[in-house]
Amino acid sequence: MSKAATNNPVSAKDIAYFAEAGIEMIHSENKLEARYNADMFDKYFGNSQLALFPKSTDQVSTILAYCNEQRISVVTQGGNSGVAGGAIAHCGEVILSLRDMNKVREIDPVAGVLVADSGCVLEDLDNHVQEHGFIMPVDLGGRKRCMIGGNVSTSAGGLRYLRYGSMHGNVLGLEVVLPDGQILDALFSLKKDASGYDVKQLFIGAEGTLGVVTAVSISLAPKPKSSQIAVLGLDEFSKIHRAFVLARQNLGEIVSAFEFWEKRCNEIVVEYEGYTSPLGSDHEFYIMIETRGSYAPHDIEKMDMFLESLQDEGIAQGSRVFRDTEAMEAVWLFRSQMASAHTKSGCMYVYDFSLPPKHQYDLLLATKQHMESLGLYGKDSSPVKDITEFGHVGDQNLHLQVIAHEFGGVVEEALEPWIYEWVGSHGGSVAAEHGLGAHKGKFLKYSKSPVVIHTMKQLKELLDPRGIMNPGRHVQCA
C-alpha cells in the first residue's frame, strides 16, 4: 500500500516555492472556508489550509513534481459537487483546484469530438457544443457546478446513461499529470485505436488517486431535433420493469432516459422544494420516460403506441405527456432536485448501488425492515425519519436515502456494513456512479474479488509509490 503516513505538512518554504513559481493560491493559518473544506451535503469536512489554482498543465506538473519530492499530499478538486467526500482534504492536504483550467481547446464538427480543459463546467460545455449541433453525452443534476475532469475521474453516469453510455465508452483520450509530475499525453481524438493498452481507462473512475486529469477528449452526441417526456403513475413496483421492457420494444432507439421514484420521494420534493408534481394524482410509484429523436411525427407516433401498450396491459394508473420545452424542463427539474430536497428534510445517508432488477425494490423493503427491527424506524420518535428510493431503472442504478435526525451514532452503526453486505450478497455493486470517495473503499470487498482489489492496489503503488495523491481513500481503504 502507498505510504501516505510518511507525507509532510505544508511549510512556509513550500508556500514560498509555489508563489515564486507564479501559481495562484489561497492560504489560511487556520483552515480555508467551507466551499473548499465541505462537500455539497455538509456531511464530509476537511481542514486544508492551502488551495492552489494552476492555469496550465505545466503548472500542475510543477505542483505535483514538487509535492512528490517533498512528500506533500494532494487532493484534486473540481466543482466539489460530489457526494462521496472524495474531493475533501480530510487530513489537511493541499487542494489542487482545476477551477482556472476552463478553456475549450478544440471541437471537430465533422467527427463530433470535443477537447477541453478538465476545469470546464459541464453545463457550459453543453451550451457550447449545442452551437455546433451537438450535446454532451453525460448529463447530471449538478451540471451547473460539476466539471468535466471530475465527471471523468468519478466515471459519472448521470441521467441519460441509457442512451449515450458511460464515460469509459465516450472518452477518447486524456491528458494526465502523474504523481511525479510527468505529463501523460494520451489525448487522442480518434474513435478507433487498437494500438496497445488503453491507458486512459485507468484514470476514468480513479478519483484523483493515480494522477490529475488536465484535459479530456470526448465523443459528442448529435443534438436531438425532437424530444418528449411521459410521466406515469403505477401501483406496483413490478410494473415498472414491465413498462421498461415495453419502452425498449416500442420506443427502441429513441429512449434516452427511464427514471423512477416512489411516493415518498414525490412528497419530499413537493414539500421541501415547493415544486408541483408532474402528475396531479398520487401514486405509489412514478416513472419518467424521455425520448430524443430526429423527426417529431415519428417519435410522437411511437410514444402513442407505447402508451397504448401500457393501457392494454393495465400497467399505468395515470399518465401525462410533455412536449413543450418549458414543461419538459420543469419535469427534469423536479427529478433532478430529489437529492437536494432530501437533504433539506434531514441528515441524509445516500447510497448509490447497482442491483439486478429482481432485487431493486427488495433493497428498500429490506432496509425498512432492518431498521424497524432495531427500533430505529417506524415511529414519530424514531431516529430515522424516512427511507426512500429513486434511480435510473434503465441502467440498474438505485439511490437509497436514509433520512435521520442526526449523523453518526446508532443509525450509522445499524446501516453499515449491513447495507453493503446485503447489496453484495444480491449481486450488486457498492458504488454505481458516485464513486468510492472517502468512505466506501472499505466496503469494496462486498462487490470485488480479492484478486481484483489486489490488482488495483498494485496499480496505485506503481503510479504513486509515495502515496501523495488523495491518500487514505478509494482502494487504499479496501
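Okay, so let's go over this structure.

About the thresholds
- Residues numbered from 1 in each chain as written.
- Predicted model: local features only at pLDDT ≥ 70, side-chain atom pairs only at ≥ 80, totals over all residues.
- Heavy atoms only, no water.
- Helix = DSSP H or I, 4+ residues; strand = E, 2+ residues; numbered from the N terminus.
- Rg over C-alpha atoms; globule rule 2.2 N^0.38 Å.
- Buried < 20%, exposed > 50% of the residue type's maximum accessible area, 1.4 Å probe, protein only.
- Lys, Arg positive; Asp, Glu negative; His and termini not counted.
- Charge placed at Lys NZ, Arg CZ, Asp CG, Glu CD.
- 1 Å grid on protein atoms, 1.4 Å probe; cavity = no way out; pocket = protein on both sides within 12 Å on 5 of 7 lines; lining within 4 Å.
- Points joined across faces, edges and corners; volume = space filled by probe spheres on them.
- Nonpolar A, V, L, I, M, F, W, Y, C, P; charged D, E, K, R; others polar.
- Pairing = 2+ DSSP bridges.
- Axes fitted to C-alpha atoms, helices over the stretch in contact; angles between N-to-C directions.
- Contact = heavy atoms within 4.5 Å.
- Arc of directions from axis to C-beta.
- Phe/Tyr/Trp six-rings, centres within 6.5 Å; stacked < 30°, edge-to-face > 60°.
- Lys NZ or Arg CZ within 6 Å of the ring centre and 35° of its normal.
- Polar contact = N/O pair within 3.5 Å; in protein donor to acceptor, adjacent residues only side chain to side chain.
- Expected span 1.5 Å × (residues − 1).
- Salt bridge = Lys/Arg side-chain N within 4 Å of Asp/Glu carboxyl O.

1. Thoughts on the overall build of the protein chain
For the protein chain, the count of helices and strands is 16 helices and 18 strands. Its C-alpha radius of gyration of 23 Å places the protein chain within 12% of the 23 Å reference for a compact globule of 478 residues. The buried share among the 478 residues of the protein chain stands at 54%. One finds the centroid of the 43 positive side-chain charges in the protein chain at a distance of 2 Å from the centroid of its 60 negative side-chain charges.

2. Digging into the layout of surface pockets
As a volume, the second largest pocket reaches approximately 760 Å³. Lining the second largest pocket are 33 residues, and of these S155, H168, I204, G205 and K448 lie nearest its centre. In terms of residues, the lining of the second largest pocket owes the most to one element, helix α16 (residues 450-463), which gives three residues. Here the lining of the second largest pocket is composed, by residue class, of 13 nonpolar, 15 polar and five charged.

3. Quick notes on unusual backbone geometry
Cis geometry marks the peptide bond from E416 to P417; its omega dihedral reads 15°. Looking at the secondary structure, you find P417 in the loop between α14 (409-415) and α15 (418-425). Here E207, not a glycine, exhibits a phi torsion of approximately 55°, which is positive. Note on placement: E207 falls in the loop between β9 (183-186) and β10 (212-219). Taking relative accessible area as the criterion, E207 reaches 12% and is therefore assigned buried. Despite not being glycine, H474 has its phi angle at roughly 60°, a positive value. Within the element layout of this structure, H474 appears in the segment after α16. Judged by relative accessible area, which is 11%, H474 ranks as buried.

4. A closer look at the sheet that holds strand β17 (residues 384-392)
Here seven strands make up an open sheet; going across it, the order is β15-β12-β14-β13-β17-β18-β16 and the pairing antiparallel. The outermost strands of the open sheet, each flanked by one partner alone, are β15 (318-322) and β16 (347-354). In this sheet, neighbouring strand axes are inclined to one another by 15° on average, regardless of whether the strands run parallel or antiparallel. The sheet contact formed by strand β13 (residues 255-262) and strand β14 (residues 285-293) spans seven bridges and is antiparallel. Bridge pairing links A257 to E290 in β14. Each of β13, β16, β17 and β18 (397-404) touches helix α12 (residues 338-345); the most contacted strand, β17, lies at about 175° to it. Sheet contacts for helix α13 (residues 360-373): β13, β14, β16, β17 and β18; angle to β17, the most-contacted strand, approximately 170°.

5. Some points on helix α9 (residues 263-273)
Of all the positions in α9, only C265, N266, I268, V269 and E273 are classed as buried. All buried residues of α9 project into a common sector of 165° when viewed along the axis, lining one side. Buried residues along α9 sit in contact with β13, β14, α11 (325-336), α12 and β17. Phi turns positive one or two residues past the end of α9, at G274, with a value near 75°.

6. Description of empty space enclosed by the protein
If you walk through the whole model with that rule in mind, you get three cavities of 30 Å³ or more. Approximately 140 Å³ is the volume attributed to the largest cavity. Per-element tally for the lining of the largest cavity: the top contributor is β16, with three residues. When grouped by side-chain class, the residues that make up the lining of the largest cavity number eight nonpolar, two polar and four charged.

7. A few points about the packing of aromatic side chains
According to the stated counting rule, one finds 17 aromatic pairs in the structure shown. Ring geometry for F237 against Y361: centres 4.9 Å apart, planes inclined by 10°, an arrangement best described as stacked. Linking F237 in the loop between β12 (226-234) and α8 (238-250) with Y361 in helix α13, this pair joins segments that are 124 residues apart in sequence. An aromatic cluster is built from Y351, F353, Y420, F443 and Y446, whose rings are joined through pairwise contacts. Cation over ring: R99 sits above F53, and NZ or CZ is 4.0 Å from the ring centre.

8. Brief notes about the sheet that holds strand β2 (residues 50-53)
Within a sheet, each strand pairs with its neighbour through backbone hydrogen bonds, oriented either parallel or antiparallel. The strand order β1-β2-β4-β3 describes an open sheet built from four strands, whose pairing is mixed. A strand with exactly one partner marks an edge of an open sheet, and here the two such strands are β1 (24-27) and β3 (74-77). Taken over all neighbouring pairs, the strand axes of this sheet differ in orientation by 25° on average, direction set aside. Here β2 pairs with strand β4 (residues 94-97) via two bridges, running parallel. When the bridges of β4 are listed, L52 appears paired with L96. Sitting on the sheet, helix α1 (residues 12-20) touches β1 and β2, and the angle it makes with β1 is about 150°.

9. Thoughts on the side chain of S153
Mapped onto the fold, S153 is located in helix α5 (residues 148-153). A relative accessible area of 14% places S153 in the buried class. Within the structure, S153 has its side chain in polar contact with the backbone oxygen of G149 (distance 2.9 Å). The contact partners of S153, leaving out residues within four places of it in the chain, are F203, G205, A206, E207, G208 and V213.

10. With respect to α11
With 12 residues, α11 extends 16 Å between its outermost C-alpha atoms, agreeing within 8% with the 16 Å of an ideal straight helix rising 1.5 Å per residue. Of the positions making up α11, those classed as buried are M328, V331, W332, F334, R335 and S336. Residue D324 occupies the N-cap position of α11, its side-chain oxygen lying 3.1 Å from the main-chain nitrogen of E326.

11. Examining the pattern of salt bridges
Following the criterion strictly, the structure yields 23 salt bridges and no others. Between E24 and R99 there is a salt bridge whose closest N-O contact spans 3.3 Å. With E24 in strand β1 and R99 in the loop between β4 and β5 (104-108), this pair connects stretches of sequence that are 75 residues apart. Assessed through its relative accessible area of 35%, E24 is described here as partly exposed. Measuring nitrogen to oxygen at the nearest pair gives 3.1 Å for the salt bridge that ties R105 to E175. Within this pair, whereas R105 is found in strand β5, its partner E175 is found in strand β8 (residues 171-177), the two being separated by 70 residues in sequence. Of the residues examined, R105 reaches a relative accessible area of 37% and is grouped as partly exposed. Its relative accessible area of 10% is what places E175 among the buried residues.

What is shown is where atoms sit, not what they do.
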